[in-house]
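Coordinate analysis (summary)
So the chains spell out like this:
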Amino acid sequence: MRPYPDEILRSMQFSLDTYVIPNVDDKWGSYVAKVMRRMLIHLERRWQFEGPLLIEDIDDLRGLFATLGDQLSQLDGPVAGDEAARLVELLGKALEDSDEPVTGYVSVPELTERNERLRETLVQVIEGLDGLEEQAADDELEATRHEIRCYLRRQTDRDKQLAEPTFMSFAPPSEQKGSKGQAA
């Protein structure tokens, strides 16, 4: 339906820039208005990218889990004990639980919930690897840890697309520090 959310957000930004910010004489009020404008930019960016980035991250985590499961299944010796088996089972269950493909319109909250469940599994695997580290040879888990680090880099790169640096504070300016509430 028109107008799209990004069109509404841009209209709000235009109104702030054209009618509000130039007419605010108070420095603190001007600062807050400029911060609100930056937040509208952030909302516009999230509206455009958050859903596709979540789908990409879910697919990336699923691929990572398949790789980690294969790697952990191949461990030999004392490392291939109960903890490695538990992690392989945990990864398999996460893959099974997230097997349903994303089709049709899926809301960002639904995608976020799926993504958070997978990320929770990754945290459990990382913690489990810490326990295996004590039993493993020096480089036995290096490939697994490398895969996780590569995923975390990709995740950070995705998350950065949503970030809009703001350097803002909503606290009133401090009289003690002599802050004048400079605009963002």
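Residues numbered from 1 in each chain as written. Predicted model: local features only at pLDDT ≥ 70, side-chain atom pairs only at ≥ 80, totals over all residues. Heavy atoms only, no water.

Turning our attention to the packing of aromatic side chains. Two aromatic rings, taken as a pair, are described by how far apart their centres are and by the angle between their planes. As enumerated under the stated definition, the model contains two aromatic pairs in all. Pairing F14 with Y19 gives two aromatic rings, centres 6.2 Å apart and planes at 85°, and the pair type is edge-to-face. Owing to a relative accessible area of 49%, F14 belongs among the partly exposed residues under this scheme. By relative accessible area, which is 53% here, Y19 ends up exposed. (Phe/Tyr/Trp six-rings, centres within 6.5 Å; stacked < 30°, edge-to-face > 60°. Buried < 20%, exposed > 50% of the residue type's maximum accessible area, 1.4 Å probe, protein only.)

So, on to the side chain of T144. Its place among the elements puts T144 in helix α5 (residues 142-160). For T144, the side chain forms a polar contact with the side chain of Q71, separated by 3.0 Å. T144 has contacts with L68, Q71 and L129, leaving out every residue within four places of it along the chain. (Helix = DSSP H or I, 4+ residues; strand = E, 2+ residues; numbered from the N terminus. Polar contact = N/O pair within 3.5 Å; in protein donor to acceptor, adjacent residues only side chain to side chain. Contact = heavy atoms within 4.5 Å.)

A word on the environment of L72. For L72, the location among the structural elements is in helix α2 (residues 27-73). The spacing of L72 and A84 is 12 residues in sequence and 6.1 Å in space, taken between C-alpha atoms.

The subject of this paragraph is a nonpolar patch on the surface. Taken together, the side chains of F14, Y19 and V20 define a hydrophobic patch exposed on the protein surface, amounting to about 320 Å² of accessible area. Topologically, F14 is positioned in helix α1 (residues 5-20). (Patch = residues over 30% accessible without salt bridge, like charges linked within 9 Å, V, L, I, M, F, W, Y side chains within 5 Å. Areas by Shrake-Rupley, 256 points an atom, 1.4 Å probe, with all protein chains shown as cover. Salt bridge = Lys/Arg side-chain N within 4 Å of Asp/Glu carboxyl O.)

Here α2 crosses helix α3 (residues 82-97) at 155°, and the two axes come no closer than 9 Å. One way to sum up the angle between α2 and α3 is to call them roughly antiparallel. When the axes of α2 and α3 are compared, the crossing they make is left-handed. Contacts between α2 and α3 involve R62, F65, A66, L68, G69, L72 and S73 from the first element and A84, L87, V88, L91, A94 and L95 from the second. Across the contact of α2 with α3, the residue classes break down as 10 nonpolar, two polar and one charged. (Axes fitted to C-alpha atoms, helices over the stretch in contact; angles between N-to-C directions. Parallel < 35°, antiparallel > 145°, perpendicular 65-115°, else oblique. Left-handed = near helix turned anticlockwise from the far one by under 90°. Nonpolar A, V, L, I, M, F, W, Y, C, P; charged D, E, K, R; others polar.)

A complete count under the given rule lists 20 salt bridges for this structure. The shortest N-O distance in the salt bridge between K93 and D97 comes to 3.0 Å. Here D97 and K93 lie together in helix α3, a separation of four residues that amounts to about one turn. Residue R119 pairs with D159 through a salt bridge whose shortest N-O separation is 3.9 Å. Of this pair, R119 sits in helix α4 (residues 108-133) while D159 is found in helix α5, placing the two residues 40 residues apart along the sequence. Take R119: its relative accessible area is 26%, and that puts it in the partly exposed class. One network of salt bridges, in which partners are shared, links E56, D57, D60, R119, R154, R158 and D159.

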